[in-house]
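Observations on the three-dimensional arrangement
Chain by chain, the residues run as shown.
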Amino acid sequence: MSRTPAYAAASATSPLAPFAVDRRAPGPRDVQIDIAYCGVCHSDLHQARGDWGGEIFPMVPGHEIVGHVSAVGGEVTKYKVGDAVGVGCFVDSCRACPQCRAGEEQFCSGGMTLTYNGRERDTGAPTYGGYSTRIVVDQDYVLRIPDGMPLDAAAPLLCAGITTYSPLRHFGAKPGDKVAVVGLGGLGHMAVKLAAAMGCEVTVLSTSESKRKDAIALGAHDFAATGDGGVFQSHAERFDLIVDTVSAPHDYNAYLGLLKVDGTMVLLGIPGPSPLSAFPLVWRRRKLAGSLIGGIRETQEMLDFCAEHGIVSDIELIGIDAINEAYERMLKGDVRYRFVIDIASLQAG
Ligand code: NAP
Ligand code: ZN
Ligand code: ZN
């Protein structure tokens with residue numbers, strides 16, 4: 001066991017504050033990671049504030065983890081001390097169900113073990129995430145960070161990167177396809193970079209007119225502000241694929257009208273419920289889908305794709321003491337485009 005400094009929410013109404021967790025000594029197949037950076041995902045905020053129900057407190061959020069291997073168990077073959085590695089949204093799964101066998105552990109029939117706000121499969125003990133200085137994870141759930149990739153800007157790839165890469169691949173985004181990205185935040189800006197690198201013609205649909213210039217710089221071909229609603233006429237029936245990353249309830253029906261016949265809208269954001277009408281689906285044989293992060297194999301594929309295409313996240317590096325303010329700014333859509341915690345600030349504090 002090692003006592004590890006961390007930041008935790010004591011309840012759904014408490015701000016995050018200093019805390020400490022015990023990390024297990026590495027077992028035979030475990031990799032011990034000294035965390036260098038951890039990205040701040042909107043899912044951290046949803047869970048720390050009890051938006052989804054069933055949360056476990058105290059909660060140490062953080063599932064965009066990068067750092068260096070500081071110890072390995074005797075049977076570890078994939079990693080050695082000093083390697084740059086990452087951990088995403090889950091740290092274990094049953095390994096036996098059809099989805100685990102297919103490398104889509106996020107859909108494990110027995111439930112994936114979340115990196116935080118989950119329970120370890122053997123002991124039932126709560127899991128604690130990356131707002132901490134160290135984590136111990138089975139080697140099969142650890143990712144390799146490609147050589148030369150800046151670690152701070154790589155951290156958000158472990159959730160925002162894979163969450164947007166996976167549906168673009170699964171729904172067959174190909175060169176020339178017209179792809180709309182709704183919401184330009186952490187997920188949205190990665191969706192723009194990745195879809196542009198796949199050769200798609202990308203349009204950003206945003207509530208923030210002030211993000212127009214950034215959208216184009218990130219690789220979008222077009223930008224439309226959704227505020228006055230005019231876009232729902234001007235861009236009607238235009239897109240093959242819509243990637244919806246919005247974190248707050250919004251009118252799905254209006255966005256569905258932007259799809260061509262047979263087009264697909266993929267929900268990635270997980271806000272509270274919004275009404276859905278059959279009309280926009282039925283009228284043009286459109287599809288509404290969802291997608292959840294991605295499996296370990298695909299996450300490694302995404303990291304390697306990003307290395308090949310020179311893609312990382314656009315980040316604002318913060319000290320851990322700025323985390324509560326960062327949550328408030330994220331709620332206002334005021335993040336360009338991912339907060340990343342410098343974990344050295346936690347070590348020092
Ligand atoms: P984020 O950085 O806060 O970005 C969300 C964006 O949504 C904002 O920047 C804003 O973009 C837009 N938005 C916010 N409120 C809005 C509103 N009321 N109406 C319209 N647009 C609004 O969040 P994120 O980290 O990208 O996460 C986005 C969502 O995805 C969250 O719900 C998160 O829990 C979920 N998520 C899902 C998965 C998955 O596997 N499916 C993985 C990670 C995260 P504009 O300023 O451009 O409008
Ligand atoms: Zn996330
Ligand atoms: Zn499984």
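Report on the accompanying structure. (Residues numbered from 1 in each chain as written. Chains lettered and ligands numbered in written order. Predicted model: local features only at pLDDT ≥ 70, side-chain atom pairs only at ≥ 80, totals over all residues. Heavy atoms only, no water.)

1. Some details on helix α10 (residues 296-309)
Taking 1.5 Å of rise per residue, the 14 residues of α10 would be expected to cover 20 Å, and the 20 Å separating its terminal C-alpha atoms lies within 8% of that figure. Every buried residue of α10 is listed here: Ile 296, Glu 298, Thr 299, Gln 300, Met 302, Leu 303, Phe 305 and Cys 306. The inward-facing, buried residues of α10 abut β6 (90-92), β9 (143-144), α4 (160-170) and α5 (186-197). Positive backbone phi, at 65°, marks Gly 310, one or two positions downstream of α10. (Helix = DSSP H or I, 4+ residues; strand = E, 2+ residues; numbered from the N terminus. Expected span 1.5 Å × (residues − 1). Buried < 20%, exposed > 50% of the residue type's maximum accessible area, 1.4 Å probe, protein only. Contact = heavy atoms within 4.5 Å.)

2. Examining unusual backbone geometry
Residue Pro 58 is reached from Phe 57 by a cis peptide bond, and omega for that bond is -5°. Inspection of the secondary structure puts Pro 58 in the loop between α1 (42-48) and β4 (65-72). Positive phi, normally seen in glycine, also occurs at Asp 262, with a value near 70°. Tracing the sequence through the fold places Asp 262 in strand β14 (residues 259-267). Located in the positive-phi region is Arg 285, a residue other than glycine, with phi close to 50°. Within the secondary structure, Arg 285 is located in the loop between α9 (279-283) and β15 (287-290).

3. Structural notes on the coordination of the zinc ion (ligand 3)
The coordination sphere of the zinc ion (ligand 3), as far as protein atoms go, consists of Cys 94 (SG), Cys 97 (SG), Cys 100 (SG) and Cys 108 (SG), spread over 2.3 to 2.4 Å. Given four donor atoms and angles of 102 to 119° at the metal, the environment of the zinc ion (ligand 3) is assigned as tetrahedral. Motif for the zinc ion (ligand 3), donor spacing along one chain: C-x2-C-x2-C-x7-C. Taken as a pair, Cys 100 and Cys 108 share a single burial class, namely buried. (Donors = N, O, S within 2.8 Å, 3.2 Å for Na, K, Ca; no water. Tetrahedral: all angles 85-135°; square planar, octahedral: opposite > 155°, others 65-115°.)

4. Points about the site of ligand 1
Around ligand 1 sit 30 residues, and of these His 42, Ser 206, Thr 207, Ser 208 and Arg 338 come closest. Contacts to ligand 1 include His 42, whose side-chain N or O atom sits 2.7 Å from an oxygen atom. Separating an oxygen atom of ligand 1 from a backbone N or O atom of Gly 186 is a distance of 2.8 Å. Expressed as a share of its isolated accessible area of 920 Å², the protein-covered part of ligand 1 is 91%. When residues of the shell around ligand 1 are traced back to their parent elements, those giving at least two are α1 and α5. With three residues, α1 is the largest single contributor of residues to the shell around ligand 1. (Near = heavy atom within 4 Å. Polar contact = N/O pair within 3.5 Å; in protein donor to acceptor, adjacent residues only side chain to side chain. Areas by Shrake-Rupley, 256 points an atom, 1.4 Å probe, with all protein chains shown as cover.)

5. Side note on the packing of α4 against α5
Relative orientation of the contacting elements α4 and α5 amounts to 50°, with a least axis distance of 8 Å. Between α4 and α5, the angle falls in the class oblique. When you trace α4 past α5, the crossing you get is right-handed. Here Ala 160, Gly 161, Thr 163, Thr 164, Tyr 165 and Leu 168 of α4 lie close against α5, whose contacting residues are Gly 186, Leu 187, Met 190, Ala 191, Leu 194 and Ala 195. Here the residues of the contact of α4 with α5 are counted per class, giving eight nonpolar, four polar and no charged. (Axes fitted to C-alpha atoms, helices over the stretch in contact; angles between N-to-C directions. Parallel < 35°, antiparallel > 145°, perpendicular 65-115°, else oblique. Left-handed = near helix turned anticlockwise from the far one by under 90°. Nonpolar A, V, L, I, M, F, W, Y, C, P; charged D, E, K, R; others polar.)

6. With respect to the coordination of the zinc ion (ligand 2)
In the first shell of the zinc ion (ligand 2), the protein supplies Cys 41 (SG), His 63 (NE2) and Cys 159 (SG), at 2.0 to 2.2 Å from the metal. Relative accessible area serves as the criterion here: at 6%, His 63 is assigned to the buried category.

7. A word on the packing of aromatic side chains
Counted under the stated rule, the structure contains five aromatic pairs. Arranged with centres 6.1 Å apart and planes meeting at 75°, the rings of Phe 90 and Tyr 141 form a pair that is edge-to-face. Taken together, the residues span a long stretch of sequence, with Phe 90 in strand β6 and Tyr 141 in the loop between β8 (134-138) and β9 at a distance of 51 residues. The exposure class assigned to Phe 90 is buried, which follows from its relative accessible area of 4%. (Phe/Tyr/Trp six-rings, centres within 6.5 Å; stacked < 30°, edge-to-face > 60°.)

8. Regarding α4
Along an α-helix, residues three or four positions apart point the same way, because every turn accommodates 3.6 residues. Counted residue by residue, α4 has nine buried out of 11 residues, so it is predominantly covered. Within α4 the residues assigned to the buried category are Ala 160, Gly 161, Ile 162, Thr 163, Thr 164, Tyr 165, Ser 166, Pro 167 and Leu 168. Those residues of α4 that are buried are in contact with β10 (178-182), α5, β13 (239-244), β14, α10 and β17 (338-342). Residue Gly 172 follows α4 closely and has a positive phi angle near 75°.

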